[in-house]
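# Observations on the three-dimensional arrangement
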Amino acid sequence: AQSVTQLGSHVSVSEGALVLLRCNYSSSVPPYLFWYVQYPNQGLQLLLKYTSAATLVKGINGFEAEFKKSETSFHLTKPSAHMSDAAEYFCAVTHLLIQGAQKLVFGQGTRLTINP
Amino acid sequence: GAVVSQHPSRVICKSGTSVKIECRSLDFQATTMFWYRQFPKQSLMLMATSNEGSKATYEQGVEKDKFLINHASLTLSTLTVTSAHPEDSSFYICSARGGRYADTQYFGPGTRLTVL
């Protein structure tokens, strides 16, 4: 079975500061990992994904994440926070080795607040 | 990336009526579509998975007779909430994957359902 844990339901940083959102996963098979962002009353937008290629993944809006198998982590970072980064962030895991629906397992989400 | 639309974005209905929500993949063929429900300040809860031309697979605890899902074409899936009640009020989000986007779910903007 797969699971995702996002440490910190709420993270607050100052504008211009480093953003670090933590995600740890559990998977018995090689995982595919995703970060999505959700703005109020909207759907989820894909930020970036890891699909067994490069372990350091760059996404949209200046975000990046590093897959660390030894730590079972996929933390999301951005060097300098912008006010427009304020949103809910979800980490999710799936796998593609087994044919089927390829369901996503989501973490509980982290609400990012940016202080001016 | 892929574009998924949902219609309507917001719907208000009376208790006992049925409501249909459409999910469309605009620039790719979606072999699989997913329907989620999201309660305020919570993560997404998968309701069902549908493959084009097949019956939907419902998650445990989801009433298939209440939440009717149809995936009749490679670009359209519909969710019908039958005999809606106030407890069905929620934010419903669909996602789709397929074709050149086979390894990633792309999400629609969501539908806010309010049952009076």
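Structure: above.
Report on the accompanying structure. (Residues numbered from 1 in each chain as written. Chains lettered and ligands numbered in written order. Predicted model: local features only at pLDDT ≥ 70, side-chain atom pairs only at ≥ 80, totals over all residues. Heavy atoms only, no water.)

## Some details on the pattern of salt bridges
Residues and elements named next belong to chain A. This structure, assessed with the given rule, holds seven salt bridges over all chains. For D85, the salt bridge goes to K78, with nearest N and O atoms at 2.9 Å. Of the residues examined, D85 reaches a relative accessible area of 2% and is grouped as buried. (Salt bridge = Lys/Arg side-chain N within 4 Å of Asp/Glu carboxyl O. Buried < 20%, exposed > 50% of the residue type's maximum accessible area, 1.4 Å probe, protein only.)

## Section: the state of the cysteines
For the structure shown, the criterion picks out two disulfides over all chains. Each sulfur of the disulfide joining C23(A) and C91(A) lies 2.0 Å from the other. On the sign convention where negative means left-handed, the S-S torsion of about -65° between C23(A) and C91(A) marks this disulfide as left-handed. With C23(A) in strand β3 (residues 19-26) and C91(A) in strand β9 (residues 87-94), this pair connects stretches of sequence that are 68 residues apart. By the burial criterion, C23(A) is buried, and C91(A) matches it. A sulfur-sulfur separation of 2.0 Å characterises the disulfide bridge that pairs C23(B) with C94(B). (Disulfide = S-S within 2.5 Å. Helix = DSSP H or I, 4+ residues; strand = E, 2+ residues; numbered from the N terminus.)

## Observations concerning the sheet that holds strand β1 (residues 3-7) of chain A
Residue and element names in this part refer to chain A. Pairing is antiparallel in the open sheet, where five strands are placed in the order β1-β3-β8-β7-β6. Each of the sheet's edge strands pairs with one partner strand only, and the pair in question is β1 and β6 (56-58). Here the average twist between neighbouring strands, direction ignored, is 20°. Relative to β3, β1 is paired through five bridges, and the arrangement is antiparallel. From the neighbouring strand, L7 faces β3, where its bridge partner is R22. (Pairing = 2+ DSSP bridges. Axes fitted to C-alpha atoms, helices over the stretch in contact; angles between N-to-C directions.)

## Notes on the sheet that holds strand β8 (residues 76-81) of chain B
Residue and element names in this part refer to chain B. Reading across the sheet, the four strands line up as β1-β3-β8-β7 and stay open at both edges, with antiparallel pairing between neighbours. Only two strands of the sheet have a single neighbouring strand rather than two, namely β1 (4-7) and β7 (67-73). Sheet twist, expressed as the mean angle between neighbouring strand axes with direction ignored, is 15°. Here β1 runs beside strand β3 (residues 19-25); their pairing, made up of four bridges, is antiparallel. For V4, the partnering residue across the bridge sits in β3 and is S25.

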